[in-house]
Amino acid sequence: MPLPAEQVLISADDHLDIHAMPPDVWSSRLPKEWRTRGPRVEETPDGPWWLCDDRRVSPSGRKETGFIAAHDHGFRPGQPETRLEDMDRDGVRAQVVYGPMSTQLQMSDAGLHEQVARVYNDWAAEFQRTAPDRLILLPDIPSYDPQAATRELQRCAALGHKGAIVSSTVGRGAPLFADAWTGFWDAAEELGIPIHVHLSPSGLHSLTPRLGSWEMPAAVAVVPMQLDETLAGLIFSGVLETRPRVKFVMGEAGLGWIPYVIERLDHELHKYGSKIRDHKLQMLPSEIFARQVFTTYEDEKLGVELIPRIGVDNVMWASDYPHGDSTWPHSRTALAESSLALHGTAVLRKVTCENAARVYGFRA
């Protein structure tokens, strides 16, 4: 049965990859002293390529040979007008977009990362102004230095950004729940801006996703679950409990593993709570999760069945445009045929629209 025409869809986890970025974003905006190291496009025997800090990153304007993608969009996702056309084709009103900074550029130099992020975040603010009621392009917060991260978070909020990504793995010394990050989370609480982490291969310990190898499917299968430590740390450390206005979003984390982990967190609090000498929770981890944590998923079966166990207010659907496993341009059909529809229209509306509208201030 098709979705009703009036059913609004908001996709809470879509992408803008480096190959689709306008080639001059950084070369035209970085301070001159950083331009030879920052992201730039150069002509090579293989065509135009993105380089960053003398490392080849990706072809420009096309996907890398062998990269799994159902549709070669070229620059379409990197131009707001053509991106909106693709959204209209898919019947999606609004998107929350994760960019290429932490997952694809992965710079090891803190100073370079900070400069490159500032340029990207300025450009992202301009990008979404084309259709502020339809596009949120999340800014990237450098994670090498918590103080620098705090400054950039405050600057991005002043630019009008409605959320921010901070890497839970790339270039990070102290984890996000360490004392060094107290000022960052205080700023997030004051600003009321949702903080995001996204799955990343850099969270893996023993598998490397290499094209043409069995390690690719093995790594991709388990990478969403690498966010479990960040989730557990943010809950048990009191970062979230003591800052009730902070919304924490796990991008592309999926669903199936979450009920088990939440059950374990509650269980271990009961087992070890009386022995805790630093921060002892006054709420159950499951209560903190229900109040403040959100997760996005794509085309998942078991996890969708478990949505009532996770919390119908905590799950946000995503089309994953323009990646190879995206439901684009048939997202409405895919949702109608998924087991999500079996939960009823009220749950369908929450997961595909209302939850994201509440987190980001979209029109529902």
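On a predicted model such as this, the values are computed, not experimentally measured, just so you know. (Residues numbered from 1 in each chain as written. Predicted model: local features only at pLDDT ≥ 70, side-chain atom pairs only at ≥ 80, totals over all residues. Heavy atoms only, no water.)

## Observations regarding the overall build of the protein chain
- A count of helical and extended segments in the protein chain gives 13 helices and 12 strands.
- Taken over C-alpha atoms, the radius of gyration comes to 20 Å for the protein chain, in line with the 21 Å a tight globule of 364 residues would show.
- The dimensions of the protein chain, computed from C-alpha atoms along their principal axes, are 60 × 50 × 45 Å.
- Here the contacts in the protein chain between residues at least 6 apart in sequence split such that 72% fall between residues at least 24 apart.
- A total accessible area of about 15800 Å² is found for the protein chain, and carbon and sulfur atoms account for 52% of it.
- Side-chain charges of the protein chain comprise 37 positive and 49 negative groups, with the mean position of each set lying 3 Å from the other. (Helix = DSSP H or I, 4+ residues; strand = E, 2+ residues; numbered from the N terminus. Rg over C-alpha atoms; globule rule 2.2 N^0.38 Å. Contact = heavy atoms within 4.5 Å. Areas by Shrake-Rupley, 256 points an atom, 1.4 Å probe, with all protein chains shown as cover. Lys, Arg positive; Asp, Glu negative; His and termini not counted. Charge placed at Lys NZ, Arg CZ, Asp CG, Glu CD.)

## Let's talk about the side chain of H196
- Mapped onto the secondary structure, H196 falls in strand β9 (residues 195–198).
- On the basis of relative accessible area, H196 is assigned to the buried category, the value being 0%.
- Apart from residues no more than four positions distant in its own chain, H196 is found in contact with Y98, L138, G163, A164, I165, V166, V249 and Y360. (Buried < 20%, exposed > 50% of the residue type's maximum accessible area, 1.4 Å probe, protein only.)

## Details of the packing of helix α7 (residues 228–236) against helix α8 (residues 258–272)
- Contact geometry for α7 and α8: axes closest at 11 Å, N-to-C directions at 40 degrees. On the basis of their axis angle, the class for α7 and α8 is oblique. By crossing handedness, the relation of α7 to α8 is classed as right-handed. The segment α7 lies against α8, with L231, A232, I235 and F236 engaging V261, I262, L265 and L269. (Axes fitted to C-alpha atoms, helices over the stretch in contact; angles between N-to-C directions. Parallel < 35°, antiparallel > 145°, perpendicular 65-115°, else oblique. Left-handed = near helix turned anticlockwise from the far one by under 90°.)

## A look at unusual backbone geometry
- The omega torsion across Y321 and P322 is 0 degrees, close enough to zero to call that bond cis.
- On the secondary structure map, P322 appears in the loop between β12 (315–317) and α12 (331–337).
- Here the residue pair W328 and P329 is connected by a cis peptide bond, since its omega of 0 degrees sits within 30 degrees of zero.
- Inspection of the secondary structure assignment puts P329 in the loop between β12 and α12.
- The backbone of D54 sits at a positive phi, close to 65 degrees, despite the residue not being glycine.
- Since its relative accessible area comes to 61%, D54 is described here as exposed.
- A positive phi angle, near 65 degrees, is found at D320, a position not held by glycine.
- Here D320 shows up in the loop between β12 and α12.

## Examining the pairing of strand β5 (residues 94–98)
- Counted residue by residue, β5 has 5 buried out of 5 residues, so it is predominantly covered.
- Burial along β5 is two-sided: the residues A94, V96 and Y98 and Q95 and V97 are all buried.
- As paired strands, strand β1 (residues 10–15) and β5 are joined by 4 bridges and run parallel to one another. Paired with I10 across the strands is A94, a residue of β5.
- Bridge count for β5 against strand β6 (residues 135–137) is 3 bridges, and the pairing is parallel. What sits directly across from V97, in β6, is L137. (Pairing = 2+ DSSP bridges.)

## Overview of the pattern of salt bridges
- What the rule picks out here adds up to 20 salt bridges.
- Here E114 ties to R151 by a salt bridge, and the two come within 3.9 Å at their closest N and O atoms. On the criterion of sequence distance, the pair formed by E114 in helix α3 (residues 110–128) and R151 in helix α4 (residues 146–159) is long-range, its members being 37 residues apart.
- A residue is classified by how much of its surface remains accessible, and E114, at 27% relative accessible area, is partly exposed. (Salt bridge = Lys/Arg side-chain N within 4 Å of Asp/Glu carboxyl O.)

## Structural notes on the sheet that holds β1
- The strand order β1-β5-β6 describes an open sheet built from 3 strands, whose pairing is parallel. Either end of the sheet is taken by a strand with one partner, and the two such strands are β1 and β6. In this sheet, neighbouring strand axes are inclined to one another by 20 degrees on average, regardless of whether the strands run parallel or antiparallel.
- Against the sheet, helix α13 (residues 345–360) engages β1, β5 and β6, with an angle of about 75 degrees to β1.

## Focus on α8
- Compared with an ideal rise of 1.5 Å per residue, which puts 15 residues at 21 Å, α8 spans 21 Å between its outermost C-alpha atoms and is within 8% of the ideal.
- Those residues of α8 that fall on the buried side of the exposure criterion are I258, P259, V261, I262, L265, D266 and L269.
- Taken together, the buried residues of α8 touch α7, β10 (248–251), α9 (285–292), β11 (293–297) and α11 (307–310). (Expected span 1.5 Å × (residues − 1).)

## Some remarks on the side chain of Q7
- Its place among the elements puts Q7 in the segment before β1.
- Take Q7: its relative accessible area is 9%, and that puts it in the buried class.
- A polar side-chain atom of Q7 sits 3.2 Å from a polar atom in the side chain of T352.
- When neighbours within four sequence positions are excluded, Q7 is seen to be in contact with R332, L348, R349, T352 and C353. (Polar contact = N/O pair within 3.5 Å; in protein donor to acceptor, adjacent residues only side chain to side chain.)

## Topic: the confidence of the model for the protein chain
- Across the protein chain, the average pLDDT comes to 92, with 95% of residues at 70 or higher.
- This stretch, residues 65–70, has a pLDDT under 50; its non-local contacts, to residues over four places away or in other chains, come to 7 contacts. (pLDDT = per-residue confidence, 0-100.)

## Structural notes on the sheet that holds strand β7 (residues 140–141)
- The 6 strands lie next to each other as β7-β8-β9-β10-β11-β12, forming an open sheet whose pairing is parallel. Either end of the sheet is taken by a strand with one partner, and the two such strands are β7 and β12.
- Its contacts with the sheet place α9 against β10 and β11, and it is angled at close to 70 degrees to β11.

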